[in-house]
Amino acid sequence: MKKFILVRLVNILITLFLIATLTFFLMKTLPGSPFDEEKLMNLSEELRMEFYAKYGLDEPLHIQYFKYMGDLVQGDLGLSYYYKEQPVSSLIMDRLAPSALIGLQAVVLGLSIGIILGMVAAFRHNTGWDYFTMIIAVLGVSVPNFVLAAFFQFYIGLKWGILPVAYWESYDHSILPTIALAVGVIAQIARFMRNEMLEVLQQDYIITAQSKGLGDWVVLIRHAIRNAMIPIVTILGPVVVSLLTGSLVIENIFSIPGIGSLFVDSIKMNDYTTIMGLTLFYSAFFILTMLIVDILYGIIDPRIRVHGKE
Amino acid sequence: MQQTEQKEQQHEILPNEMFEIVGRKEEESEKINKPILSNWQDGWLRLKQNKAAVISLVVILLIVVLSFIGPYFSEYSYEQTNYEKVYSEPSGEHWLGTDKFGRDQWTRLWEGTRVSLYIAVLAALLDILIGITYGAISAWKGGKVDNIMQRIIEILVGIPNLIIIILLIMIMRPGIMTIMLAMVITGWVNMARLVRGQVFKLKTQEYVLASRALGASTSRIILGHMLPNTLGIIIINLMFTIPSAIFTEAFLSFIGLGLQEPLASLGVLINDGFQSMRNQFYLLAYPAIVIVALMVCFNMLADGLRDAFDPRMRK
């Protein structure tokens, strides 16, 4: 196990290094600049050089690269081009809370509703409940979350005025974005849970338990659910990905000051350092989640024990 | 003996004389009464019984046809602006109304649908082409080559796709080809893994060994024997890739990295509709309905295909 984690950590470092290198050079080849070129040209030669020096743009590319990587190791992501004078790392930290709140709420909501729906659907296989769940599952993965969010905003926010339309002022403001994000998660989990549950319900140990004379509920709770829930861990990866992508648009739609909207804004503003910082942040977050998922899986399911080599 | 006679008299059992030895007719007993069905016909029969999948197929075909002929029903072109008729409600003249430049929404809707479908289908096909090549080579060569190729995939899988797509589109100028290429660069990995798994499994089958013993070349074995047996998963995967490509395109357009004016795609239309949703909800509603219909139908058709061609997966 220790060796497995170690190998994975080395792999993660290599991946992050590659991503950092790639984004650095990609950003350098980008056309256009976040600065107002005309104003820059009006500055005196001296002032302009000083300006470039502040952002480390006066040095040759390879020096810039080594500097960037050196700073990166120390957790310094450079200065934002657009948000004047602000270091990217503190920009991300400032914006993290709303995204984390919405993301966590969506995971909790999605997991709980998804698991319950999936279980009921499997237990009442081929009944109204089952069909209802399947319809939710198909719609949930098919309706793009930004379309859903826009409809929520229009009907619940604008027309009926039940919940705030946008912005980030009170807890109520987090409800609509959370639901918009959670629907996709509910669909993924419900579908997965239903299939797992159907599989488990056919296993010999369930029949054994039933023939021992255990009641339906005891069989369900003590034997079926526990086994069906193990593989849920494996789809946490895709779920996290859909939350990450979802947050980009949903924070934008509801004008939430989170990292998703920061990313989209920095794309629109050509704020390269922020884009690079967030790319790394997202990648690291994603990769670490995957690692945790794999480790968790090994711990929860004793049948799967990871050994050193793969 | 006596009993038998008694029973014979009572007609309870039939006398032996009434029986005649017919013998076994090989042709008769071994005769196949139903036409021989290939795997494909078999799958098609199963698919036809899945109502949801059939309806989805019909709806998809309808949308495809409309996306081609739809614009001809209207006298306006998708880029023709009319500043006197900005934001007009749906009417006899403009069936779905007009947008902020007075462009006919009906024409733009179907133009956009066609562009979205075009990007999605082409991206999915390219994914598959690269995926098959990569996966087949990796599995067929095995050993060191496979090892290195799989390490590369492992690293690629570790990177969130969308981030790479966004970076790539920022570098190349947004356009139909750019969006497609950016999606392909990250999208083929899944296919490659599937194909590799399948080829690995088939590699050890007897008929492949037999074919090799008869002197078939590698490419012949791969193209002639392995590909047909992998085609099922490939098609199923294609059907799942198309809706996710439609989604990605719409997503990119929505965050402002999609096609540029006056080109339309479903994502561009939804984005425009969202901007003016407050007063002109119809601008958002129709493209949203089309994209949802497409996504639902492709997903259901893909489910149906998987059930039909891969019965082990059936639940």
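Residues numbered from 1 in each chain as written. Chains lettered and ligands numbered in written order. Predicted model: local features only at pLDDT ≥ 70, side-chain atom pairs only at ≥ 80, totals over all residues. Heavy atoms only, no water.

### Topic: the interface of chain B and chain A
Frequently, the measure chosen for interface size is the accessible area removed from exposure when the parts meet.
Working step 1: Listed as interface residues are 37 residues of chain B and, on the opposing side, 47 residues of chain A.
Working step 2: Together, the buried faces of chain B and chain A total about 3,700 Å²; carbon and sulfur atoms form 80% of this surface.
Working step 3: Remark: the boundary between chain B and chain A carries 1 salt bridge.
Working step 4: Here Arg 191 of chain A makes a salt bridge to Asp 303 of chain B, at a shortest N to O gap of 2.8 Å.
Working step 5: Applying the counting rule to chain B against chain A returns 2 residue pairs in polar contact (both at pLDDT 80 or more).
Working step 6: Of all elements in the fold, only α6 (143-157), α7 (161-171), α10 (218-254), α11 (266-275) and α12 (281-309) of chain B reach the threshold of two or more residues within the side of chain B that touches chain A.
Working step 7: Examining the composition of the side of chain B that touches chain A, we find that 12 residues originate from one element, α12 of chain B, more than from any other.
Working step 8: Its residues assigned to classes, the side of chain B that touches chain A shows 29 nonpolar, 2 polar and 6 charged. (Contact = heavy atoms within 4.5 Å. Buried area = accessible area lost by both parts, 1.4 Å probe. Salt bridge = Lys/Arg side-chain N within 4 Å of Asp/Glu carboxyl O. Polar contact = N/O pair within 3.5 Å; in protein donor to acceptor, adjacent residues only side chain to side chain. Helix = DSSP H or I, 4+ residues; strand = E, 2+ residues; numbered from the N terminus. Nonpolar A, V, L, I, M, F, W, Y, C, P; charged D, E, K, R; others polar.)

### As for helix α12 (residues 259-268) of chain A
Working step 1: For α12 of chain A, the tally of buried residues reaches 8 of 10 residues, placing the bulk of the element in the interior.
Working step 2: Looking at α12 of chain A, one finds that the buried residues are Ile 259, Gly 260, Ser 261, Leu 262, Phe 263, Val 264, Ser 266 and Ile 267 of chain A.
Working step 3: Here the buried face of α12 of chain A lies against α5 (88-123), α11 (236-253) and α13 (272-300) of chain A together with α7 of chain B. (Buried < 20%, exposed > 50% of the residue type's maximum accessible area, 1.4 Å probe, protein only.)

### Considerations on the nonpolar core
Working step 1: Phe 146 and Phe 263 of chain A together with Ile 166, Ile 246, Phe 251 and Ile 291 of chain B are the most contacted members of the largest nonpolar core, which totals 159 residues.
Working step 2: The residues that make up this core include at least three from each of domain 1 (2-88) and domain 2 (92-309) of chain A.
Working step 3: Sequence-distant contacts of Phe 146 of chain A, defined by excluding residues within four places in its chain, comprise Val 249 and Ile 253 of chain A together with Phe 247, Ala 250, Phe 251, Phe 254 and Ile 270 of chain B.
Working step 4: Ranked by size, the runner-up nonpolar core spans 6 residues in total, among them Tyr 134, Ile 153, Trp 188 and Ala 192 of chain B. (Core = buried A, V, L, I, M, F, W, Y, C linked by side-chain atoms within 4.5 Å. Domains from an automatic or database assignment.)

### Description of the side chain of Thr 133 of chain A
Working step 1: As for its placement among the helices and strands, Thr 133 of chain A is situated in helix α6 (residues 128-142).
Working step 2: With residues up to four places along the chain from it excluded, the contact list for Thr 133 of chain A reads Leu 117, Gly 118, Ala 121 and Ala 190 of chain A.

### Here we look at the domain arrangement of chain A
Residues and elements named next belong to chain A.
Working step 1: The assigned domain composition of chain A is domain 1 (2-88) and domain 2 (92-309).
Working step 2: A C-alpha centroid distance of 34 Å is found between domain 1 and domain 2.
Working step 3: Listed per partner, the contact involves 29 residues of domain 1 and 27 residues of domain 2.
Working step 4: For the domain 1 and domain 2 pair, buried surface summed over both sides reaches about 2,400 Å², with 73% attributable to carbon and sulfur atoms.
Working step 5: The largest per-residue losses of area from domain 1 upon contact with domain 2 belong to Phe 4, Met 27 and Val 88, which jointly make up 24% of the total buried on that side.
Working step 6: Linking Arg 8 and Asp 294 is a salt bridge whose minimum nitrogen-to-oxygen distance equals 2.5 Å.
Working step 7: The interface formed by domain 1 and domain 2 includes 2 residue pairs in polar contact (both at pLDDT 80 or more).
Working step 8: At the level of elements, α1 (2-29) and α4 (61-73) are the ones that each hand at least two residues to the side of domain 1 that touches domain 2.
Working step 9: The dominant element in the side of domain 1 that touches domain 2, judged by the number of residues it contributes, is α1, at 14 residues.

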